[in-house]
Amino acid sequence: MSYVEEIYNKTVRENPGEKEFHQAVKEVLDSLKLVIDANETQYRETALLERLVEPERIISFRVPWVDDKGRARINKGYRLQFNNAIGPYKGGLRFHPSVNQGILKFLGFEQTFKNSLTGLPIGGGKGGSDFDPKGKSDHEIMVFCQSFMTELYKHIGADQDVPAGDIGVGGRELGFMYGQYKRLTGLYEGVLTGKGLTYGGSLVRTQATGYGLVYILEEMLKSHGISLEGKTAIVSGSGNVAIYTVEKAQQLGATVVAMSDSNGYIYDKDGIKLDIVKEIKEIRRGRIKEYADVVPGSVYTEGKGIWSVPCDIALPCATQNELNLEDAKTLKANGCIAVAEGANMPSDMEATEFFLDNGMLFMPGKAANAGGVATSALEMSQNSLRMSWTFEEVDEKLHDIMKGIYTKVADAAKRYGVSGNYVAGANIASFEKIANAMMAQGFV
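Just so we're clear, the structure is a prediction, and the values are computed from it rather than from any experiment.

Visitor: Help me out: how do you make sense of the side chain of glutamine 81 in this one?
Guide: Summarising the element assignment, glutamine 81 is placed in strand S2 (residues 72-83). Relative accessible area serves as the criterion here: at 0%, glutamine 81 is assigned to the buried category. For glutamine 81, the side chain forms a polar contact with the main-chain oxygen of histidine 155, separated by 2.9 Å. A polar contact is formed between the side chain of glutamine 81 and the side chain of aspartate 161, at a distance of 2.9 Å. Once you skip the residues sitting within four places of it in the chain, glutamine 81 turns out to touch Pro55, Glu56, Arg57, Ile59, Tyr89, Gly124, His155, Gln160 and Asp161.

Visitor: I keep staring at the domain arrangement of the chain and nothing clicks. Help me out?
Guide: Interfaces are often described in size by the accessible area the parts lose on coming together. Split by domain assignment, the chain resolves into domain 1 (1-51), domain 2 (55-183) and domain 3 (205-366). A straight line from the C-alpha centre of domain 1 to that of domain 3 covers 32 Å. If you look at the interface, domain 1 gives six residues, while domain 3 gives seven residues. Buried area between domain 1 and domain 3, summed over both chains or domains, comes out near 540 Å², and the portion from carbon and sulfur atoms is 62%. When the area that domain 1 buries against domain 3 is broken down by residue, the three leading residues are Glu20, Gln23 and Glu27, summing to 78%. Applying the counting criterion to the domain 1 and domain 3 interface returns one salt bridge. Residues glutamate 27 and lysine 366 are paired through a salt bridge, measuring 3.6 Å at the closest nitrogen-oxygen approach. Our count for the contact surface shared by domain 1 and domain 3 stands at one residue pair in polar contact (both at pLDDT 80 or more). Grouping the amino acids of the side of domain 1 that touches domain 3 by side-chain chemistry returns two nonpolar, one polar and three charged.

Visitor: Help me understand the UniProt feature "site: Important for catalysis" (unreviewed entry) in the chain, please; the structure alone is not making it clear to me.
Guide: In the UniProt entry, the feature "site: Important for catalysis" (unreviewed entry) is given for Asp166. Tracing the chain through its elements places aspartate 166 in the loop between strand S5 (161-165) and helix H8 (171-185). Those residues in contact with aspartate 166, other than ones at most four positions away along the chain, are Gly92, Leu93, Arg94, Lys126 and Asn344. Within the structure, aspartate 166 has its side chain in polar contact with the side chain of arginine 94 (distance 2.6 Å).

Visitor: Explain the packing of aromatic side chains to me, please; I cannot follow it from the model alone.
Guide: What characterises a pair of aromatic rings is the spacing of the ring centres plus the angle enclosed by the ring planes. The final tally for this structure, using the stated rule, is 19 aromatic pairs. For the ring pair phenylalanine 95 and phenylalanine 148, a centre distance of 5.2 Å and an interplane angle of 75 degrees mean the geometry is edge-to-face. Remark: phenylalanine 148 occurs in helix H7 (residues 138-152) and phenylalanine 95 occurs in strand S3 (residues 89-95); sequence separation between them is 53 residues. With a relative accessible area of 1%, phenylalanine 95 lands in the buried category. Judged by centre distance (5.7 Å) and plane angle (25 degrees), the ring pair of tyrosine 178 and tyrosine 199 falls under stacked. Separated by 21 residues along the polypeptide, tyrosine 178 in helix H8 and tyrosine 199 in the loop between H8 and helix H9 (208-223) bring together distant segments of the chain. The class of tyrosine 178 is buried, set by a relative accessible area of 2%. Members of the aromatic cluster, each reached through a chain of ring pairs, are Phe61, Trp65, Phe95, Phe131, Phe144 and Phe148. We note lysine 248 situated over the ring of tyrosine 211; from NZ or CZ to the ring centre the distance is 4.4 Å. Against the face of tryptophan 389 rests lysine 397, its NZ or CZ located 4.6 Å from the ring centre.

Basis of the calculations
Along every chain, residues carry numbers that run from 1 in the direction the sequence is written. Two thresholds apply to this predicted model, a pLDDT of at least 70 for residue-level local features and 80 or more for giving and counting side-chain atom pairs, whereas whole-chain, interface and lining totals are computed over all residues. The side-chain values count all of the structure's non-hydrogen atoms but skip hydrogen atoms and water molecules. Put simply, DSSP H or I for four residues or longer makes a helix, DSSP E for two residues or longer makes a strand, and each gets a number counted from the N terminus. With a 1.4 Å probe rolled over the protein chains alone, any residue whose accessible area is under 20% of its type maximum counts as buried; one over 50% counts as exposed, and the rest are partly exposed. Contacts described as polar in this section are N or O atom pairs within 3.5 Å, which, within protein, must combine one atom able to donate a hydrogen with one able to accept it, while residues neighboring in sequence count only if both atoms come from side chains. Throughout, a residue-residue contact means that at least one pair of heavy atoms, one from each residue, lies within 4.5 Å. These domain limits were set by an automatic method or by a database of domain assignments. Buried area, as used here, totals the accessible surface that two parts lose on assembly, with accessibility defined by a 1.4 Å probe and the loss added over both. Salt bridges are defined by distance alone: a side-chain nitrogen of Lys or Arg within 4 Å of a carboxyl oxygen of Asp or Glu. In this classification, the charged set is Asp, Glu, Lys and Arg, the nonpolar set is Ala, Val, Leu, Ile, Met, Phe, Trp, Tyr, Cys and Pro, and all remaining amino acids, among them Gly, are polar. UniProt positions are given in the numbering used here, feature names are shortened, and annotations may be inferred rather than shown by experiment. The rule is short: rings of Phe, Tyr and Trp, with Trp giving its six-membered ring, pair when the centres are within 6.5 Å, and they are stacked under 30 degrees, edge-to-face over 60, tilted in between. Counting as a charge over the ring demands two things of the Lys NZ or Arg CZ atom: a distance within 6 Å of the ring centre and an angle within 35 degrees of the ring normal.

What follows is the structure in structure tokens.
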């Protein structure tokens, strides 16, 4: 049995029921087999893969809080500090009923590789709670965030672990948590990223994941002699990542004709009117179906059929495993030529393999959605320097980082004889940096 197979089997055996984590580990290890087999003796002797797939620390705690009716409530809180070989742990906090250790292991594992690709000195981590912000008042969210941070603050710091936002954790939640962190520590430091602009946040952070996705998509298309201008695109989701993916894609000449949420999707053949989407989702916190009520000619469809909309480019920006093999086949049949992932692992393994086997350009999330964490690292830099860069300066740095990621991914794939396989390229390029750092620092 190869070292790769041995470690995957061990991971499944020791982490039962955590299918997302198993999927992430298998996808990474399978594409690294060429590299690992060539260095098997050295990696075995230092237990490199065992250390790579095992989080360095799992912190689990209860979060007690009181709702507006005076009832005591309890949620679970977590922080997984996965790997800090190349810098302090860095990764988002997710507030959603689906949060559990298995989901966070998957996200933290992916985050470690994603952060490596940025070229910035940040390790990988992830955290959150099964708390659901939907339907909660601002006061209830504040009380919960303060209780959550009352435990979390003991385990984070500007040079130790720097969380950010994720699903269910936006500027409001980060502000409440940052205020509590300051109150508990007396420190005004860059320990959370995605902060408001009035207290250490960075311009472009809101737009970063979506913009970065389109920047690397553009590089991938250009390298194959294809222009983004004039192409038809569909974007799943209608949250922060999806909204700013649409914005940048439209700025660069694409027409986005569909967006979705967990209930259904809208189709607008003339192109999505983003100002209306922003009004619905960012201001009113409404549902995407409201778009069809105010835009003549647009159509709302209940369910998860967005991938049936004909397009040149598909950009999944909602959640993990939202796009399966049948969806991939439908996209191909309808003329789709490229897929780039704005969410974390939104395409399941069968869909990913179909894209790669059928000549479609495919950029995996660990490379394509790295713009958010890259700009978080730029926020950390600004906090350390006690200065702020302009929107244009940050956007230019983000653009350069995403172009750099594409180059690393494409070059790694070419070096190992799998040109055009950006899944393998992303995993190889990020792994090489992490592995070299771990080996250099000894068996720790």
